[in-house]
Amino acid sequence: MFDIIFYIFGAITIGGAFVTVFAKDIVYAAFALLFTFFGIAGLFVMANADFLAVTQLLVYVGGILILLLFGVMLTSRIGTVDIRVSSGSKWAAGILAIGLFGILMAAFFGTAATHTEKDKAGKSKEVFSWASHSTPPWMNSQWNKNATDEVLKTKFGAPDEKKTNEGSSGTAVEIGKLFLTDFLLPFEVISVLILVSLIGATMIARKEPTPEEEAIAESVS
Amino acid sequence: MTVGLNHFLVIGAILFVLGIFAMLYRRNVIAVLMGVELILNAANINFIAFSRYGGVNISGQMAAIFVIVIAAGEAAVALAIVLNIYKNFKSVNPSEVDSLRD
């Protein structure tokens, strides 16, 4: 059952992406992108990332796609013929993309995700290949849930055991905790980044006032 | 064949390659931006796949959230730039946009 649903979402995602890339009409491409984003949200749910799936729908479908559609509507001239690309650049792009795909496939299927390793007692066990190297702290495979809970407890008091319903709460609770503990600095930095990009976008996109408009503004103030 | 890490990675790779192709092939800045979004989504799928199957756990989802936020900021700024380009050049073909000033 899991597999069937996965393949359905995968087909929606990839089909939408193909239409996005190859559709002649840019509006069709934008609508095909909608299906791709929905499919990706479904894939996120398949991989136990429910909070991210909702975020994906809100930000991509509700925000970025609408923004792209605005861009399409504001820039496309109705009735103009789409400039066809020379076949040379088409072939070059196609060969590059297919070559890249081949390299990626070779990397995926040529690399074993796990390998057996003997521990100190001489028992062989399956370990992740990249985990046998010293893991960088930001990629901590087992983020210390107990330590995080301890910090939260000393700061905000003990959580109400009846209200915290572990297991059914999904990933949102853990992500919220991580945002205010281990990932506090990136969280703040990205808040500043999004504020700067917002102000920057309005500054870039706003109309330069004409001299007459400036004179009117002067006389009013 | 049960669905595992490689299935997610293959879907991510296909999206990534299609995004690269769109960036190189399309002759409309908006379509190029769509390619960029596809690439960012491909990266997100990889993050989520490794967070589920690769022992990275919830940290992978955190990285994906940051990618989504940066994609939102990128889309806003890029659209503003595209509107300005259209205003100045009356075209959204990236090969025709070849000067920074009038």
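Fair warning: this is a prediction, and the values are worked out from it, not measured in the lab. Counting restarts for each chain: residues are numbered from 1 in the order of the written sequence. Written order decides the labels, with chains lettered from A and ligands numbered from 1. The model is predicted, so local features are restricted to residues of pLDDT at least 70 and side-chain atom pairs to those at 80 or more, both for listing and for counting; the totals for chains, interfaces and linings are taken over all residues.

*Asks:* Which residues make up the overall build of chain A, and what values go with them?
*Replies:* Only DSSP runs of H or I with at least four residues qualify as helices, and only runs of E with at least two residues qualify as strands; both kinds are numbered from the N terminus onward. For chain A, the helix and strand inventory stands at eight helices and two strands. Helices and strands appear in chain A in the N-to-C order α-α-α-α-β-β-α-α-α-α. Contacts spanning at least 24 positions in sequence make up 44% of the contacts within chain A whose residues lie at least 6 apart. The contact criterion used here is simple: two residues whose C-beta atoms, placed from the backbone, lie within 7 Å are in contact.

*Asks:* Can you explain the interface of chain B and chain A? Please cite residues and give values.
*Replies:* Each side of the interface is counted separately: chain B has 61 residues, and chain A has 68 residues. When contributions to the side of chain B that touches chain A are tallied by element, the ones reaching two or more residues are α1 (5–25), α2 (29–53) and α3 (58–89) of chain B. Considering each element in turn, the side of chain B that touches chain A owes the most residues, 22 residues, to α3(B). Classification used: nonpolar for Ala, Val, Leu, Ile, Met, Phe, Trp, Tyr, Cys and Pro, charged for Asp, Glu, Lys and Arg, polar for all others including Gly. Of the residues assigned to the side of chain B that touches chain A, the class counts are 44 nonpolar, 14 polar and three charged.

*Asks:* Give a description of the packing of helix α2 (residues 26–46) of chain A against helix α3 (residues 50–75) of chain A that names residues and reports values.
*Replies:* All names here are of chain A. Here α2 crosses α3 at 175°, and the two axes come no closer than 8 Å. What the angle tells us is that α2 and α3 run roughly antiparallel. Contacts between α2 and α3 pair Ile 26, Val 27, Ala 30, Leu 33, Leu 34, Phe 37, Ile 40, Ala 41, Phe 44 and Val 45 from the former with Asp 50, Leu 52, Ala 53, Gln 56, Leu 57, Tyr 60, Val 61, Leu 65, Leu 68, Leu 69 and Val 72 from the latter. Every axis corresponds to a line fitted to the C-alpha atoms, with the helix fit spanning only the stretch in contact, and the corresponding angles, defined between N-to-C directions, vary from 0 to 180 degrees. Roughly parallel here means an angle under 35 degrees, roughly antiparallel means over 145, roughly perpendicular means 65 to 115, and every remaining angle is called oblique.

*Asks:* Give me helix α1 (residues 2–22) of chain A: which residues, what numbers.
*Replies:* All names here are of chain A. Here α1 is 21 residues long and its end C-alpha atoms lie 30 Å apart, about the 30 Å a rise of 1.5 Å per residue gives. Residue burial here comes from a neighbour count, namely the number of other C-beta atoms, placed from the backbone, that lie within 10 Å of the residue's own C-beta, with 20 or more meaning buried, 12 or fewer meaning exposed, and in between meaning partly exposed. Those residues of α1 that fall on the buried side of the exposure criterion are Phe 9, Gly 10, Thr 13, Gly 16, Ala 17, Thr 20 and Val 21. Each buried residue of α1 lies within a common arc of 135° when the element is viewed along its axis, so the set occupies one face. With respect to the buried face of α1, the exposed residues turned more than 90 degrees away are Asp 3, Ile 4, Tyr 7, Ile 8 and Ala 11. By definition here, a helix of n residues has an expected span of 1.5 Å times n minus one. Arc definition: directions from the helix axis to the C-beta atoms.

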